[in-house]
Amino acid sequence: LLGQVKIQNKQNNLIHYDDYVKKYSLQTIHSLITLEAENYTYKSRQSITAKYRRDSSAYPYSYKQKVLNVLDGDTFSQTGDRITYRFTVEETGLYQIALKYYHTNRDLPSYRRILIDGEVLFKELTHYPFSKTSRWKNEVLGDGTNHFQF
């Protein structure tokens, strides 16, 4: 016998980016930390894999041998799929995040939930859109007007 059952989104009180960034008075850091998509730390399903793409815009690239250089979008397409990367920043401050992606599967954007330290920091990261592209695109996370700082 159950008393009261309550099902709810545990992050229903998320603030908007403008309110999030007001909480910090740190300097913007202009250093580059590069992570390669195929070098993830954790994946939510065993079948999510990296693959080789013969494209000089993909890194690493080798014309002589096959090297894993992209995340296989066909294996990373189900609701709830999750990839985790771990990295360390050397300096305290605000950083921008840019992602290089290639999305041709549909005419609609692909939406991803972006978490930092295991949490969605503000509403705009709950369903972040990645638009369809005809080639590789570098996307600095933002709202179309400003780049987000973390």
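Residues numbered from 1 in each chain as written. Predicted model: local features only at pLDDT ≥ 70, side-chain atom pairs only at ≥ 80, totals over all residues. Heavy atoms only, no water.

Novice: Quick rundown of unusual backbone geometry? Include the residues and the values.
Specialist: In this structure, P60 follows Y59 across a cis peptide bond, with omega equal to -5°. For P60, the position within the fold is in the loop between β2 (50-51) and β3 (70-71). Of note in the backbone geometry, D117 takes a positive phi value of approximately 55° without being a glycine. Structurally, D117 is set in the loop between β6 (110-112) and β7 (128-130). The exposed category is assigned to D117, whose relative accessible area is 79%. (Helix = DSSP H or I, 4+ residues; strand = E, 2+ residues; numbered from the N terminus. Buried < 20%, exposed > 50% of the residue type's maximum accessible area, 1.4 Å probe, protein only.)

Novice: If you had to explain a nonpolar patch on the surface to someone new, which residues and values would you point to?
Specialist: A surface patch of nonpolar side chains, amounting to about 330 Å² of accessible area, comprises I33, L35, F87 and V89. Its location among the elements puts V89 in the loop between β4 (83-84) and β5 (98-101). With relative accessibility at 38%, the residue V89 sits in the partly exposed group. (Patch = residues over 30% accessible without salt bridge, like charges linked within 9 Å, V, L, I, M, F, W, Y side chains within 5 Å. Areas by Shrake-Rupley, 256 points an atom, 1.4 Å probe, with all protein chains shown as cover. Salt bridge = Lys/Arg side-chain N within 4 Å of Asp/Glu carboxyl O.)

Novice: Give a description of the packing of aromatic side chains that names residues and reports values.
Specialist: Tallied over the full model, the rule gives 11 aromatic pairs. Ring centres of Y20 and F122 lie 4.9 Å apart, and the angle between their planes is 45°; this geometry places the pair in the tilted category. Residue Y20 is located in helix α1 (residues 17-22), and its partner F122 is located in the loop between β6 and β7; the two are separated by 102 residues in the primary sequence. Classification of Y20 by relative accessible area gives buried; the value is 5%. (Phe/Tyr/Trp six-rings, centres within 6.5 Å; stacked < 30°, edge-to-face > 60°.)

Novice: Outline the pattern of salt bridges, listing residues and values.
Specialist: Applying the stated criterion across every chain, the model contains 4 salt bridges. We note a salt bridge from D81 to R45, for which the minimum N-O separation is 2.7 Å. Pair noted here: D81 is in the loop between β3 and β4 and R45 is in the loop between β1 (42-43) and β2, with a separation of 36 residues, a long-range link. Given the relative accessible area of 22%, R45 is considered partly exposed. For the salt bridge of D72 with K51, the shortest nitrogen-to-oxygen distance reads 3.9 Å. With D72 in the loop between β3 and β4 and K51 in strand β2, this pair connects stretches of sequence that are 21 residues apart. According to the relative accessible area criterion, D72 is buried, its value standing at 12%. By relative accessible area, which is 32% here, K51 ends up partly exposed.

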